[in-house]
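Examining the three-dimensional arrangement
Chain by chain, the residues:
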Amino acid sequence: MNILWLIIAIIIILLLCSVLYLVFLIFKHLTSMAKFPANSYQFRVEWGGRRNGFSEVTGLDMYFEPIQYRSGDSVESSMQSIPGMTKFNNIILKRHIENGDDDFIAWMQTKQGNDIEKRDVVISLLNESFNPIVVWRLKNAYPIRYSGPILNAYHNKLATEELELAHDGLSVEFIET
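Reading the values: the criteria
Residues numbered from 1 in each chain as written. Predicted model: local features only at pLDDT ≥ 70, side-chain atom pairs only at ≥ 80, totals over all residues. Heavy atoms only, no water. Helix = DSSP H or I, 4+ residues; strand = E, 2+ residues; numbered from the N terminus. Rg over C-alpha atoms; globule rule 2.2 N^0.38 Å. Buried < 20%, exposed > 50% of the residue type's maximum accessible area, 1.4 Å probe, protein only. Lys, Arg positive; Asp, Glu negative; His and termini not counted. Charge placed at Lys NZ, Arg CZ, Asp CG, Glu CD. Phe/Tyr/Trp six-rings, centres within 6.5 Å; stacked < 30°, edge-to-face > 60°. Lys NZ or Arg CZ within 6 Å of the ring centre and 35° of its normal. Salt bridge = Lys/Arg side-chain N within 4 Å of Asp/Glu carboxyl O. Pairing = 2+ DSSP bridges.

**Looking at the overall build of the protein**
Of the regular secondary structure elements, the protein holds two helices and nine strands. Relative to the compact-globule value of 16 Å for 177 residues, the protein shows a C-alpha radius of gyration of 28 Å, a clear excess of over 25%. Here the C-alpha coordinates of the protein stretch approximately 100 × 65 × 35 Å along the principal axes. Taking all 177 residues of the protein together, 23% fall into the buried category. Of the charged side chains in the protein, 16 are positive and 20 negative; the average position of the first set lies 2 Å away from that of the second.

**Topic: unusual backbone geometry**
Look at Phe130: it is not a glycine, yet its phi comes out positive at around 65°. Note on placement: Phe130 falls in the loop between strand S6 (119-126) and strand S7 (132-147). The backbone phi angle of Asn140 is positive, close to 55°, even though this residue is not glycine. Relative to the assigned elements, Asn140 resides in strand S7. Taking relative accessible area as the criterion, Asn140 reaches 25% and is therefore assigned partly exposed.

**Some thoughts on the packing of aromatic side chains**
Describing an aromatic ring pair means giving the distance of the ring centres and the angle of the ring planes. Summed over all chains, the structure comprises five aromatic pairs. Geometrically, the ring pair formed by Phe104 and Tyr146 is edge-to-face, given 6.5 Å between the ring centres and 75° between the ring planes. One end of the pair, Phe104, is in helix H2 (residues 103-108); the other, Tyr146, is in strand S7, and 42 residues separate them in sequence. Through pairs of rings, three or more aromatic residues link up here, namely Trp47, Phe54, Phe104, Trp107 and Tyr146. Directly above the ring of Phe104 sits Arg95, whose terminal nitrogen or CZ lies 4.0 Å from the centroid. Seen from the ring of Trp107, Arg119 lies directly overhead, with NZ or CZ sitting 4.2 Å from the centre.

**Re the pattern of salt bridges**
Across all of its chains, the model carries 10 salt bridges by this definition. In this structure, Lys94 engages Glu162 in a salt bridge whose closest nitrogen and oxygen atoms are separated by 3.5 Å. Here the residue Lys94 occupies a position in strand S5 (residues 91-96), and Glu162 occupies one in strand S8 (residues 160-166), the gap between them amounting to 68 residues. The partner of Asp101 in a salt bridge is Arg95, and the shortest N-O contact between them spans 3.2 Å. Judged on exposure class, the residue Asp101 and its partner Arg95 are both buried.

**A few points about the pairing of S5**
Sheet analysis places strand S2 (residues 56-58) next to S5, joined by three bridges and oriented antiparallel. By the bridge assignment for S5, Thr58 is matched with Ile92. Across six bridges, the pairing between S5 and S8 is antiparallel. Bridge pairing in S8 places His96 opposite Thr160.

Next comes the structure, spelled out in structure tokens:
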């Protein structure tokens, strides 16, 4: 009789373990499918220079400049508006200064009269596996401003430089992972 109870107890324990394992697998599957917000601190900038490590990118904006109008025979005394041309903000790339890296200045110095070297720039927001999830593509980008570091003997900060880019257009691509 005791052996029968022992066998029944072992079978119940095995069934409970199987159910718990099944619940674990279902939970693992559901959490792997969950969508989490993207971090803004993992990104890559491909701009044609030797070093792609940047600490900050700003200006990833596009907007429509509204056109206001009013018909002469309108009973309304206010203006109406429609979306006009697409506008883009300039992009600002920031990074710390490294000895011997003059890529920003070298690009600025490609200006000859009204011409300057233009490059397509790709900025990618990366997931935890460092795969792109959002990609911004700048068409015909070129530098319009270089800013060197703020030098201050009282601050304990890295020396950083900035390069401001104008461009002919911005496209955004969301990548399914």
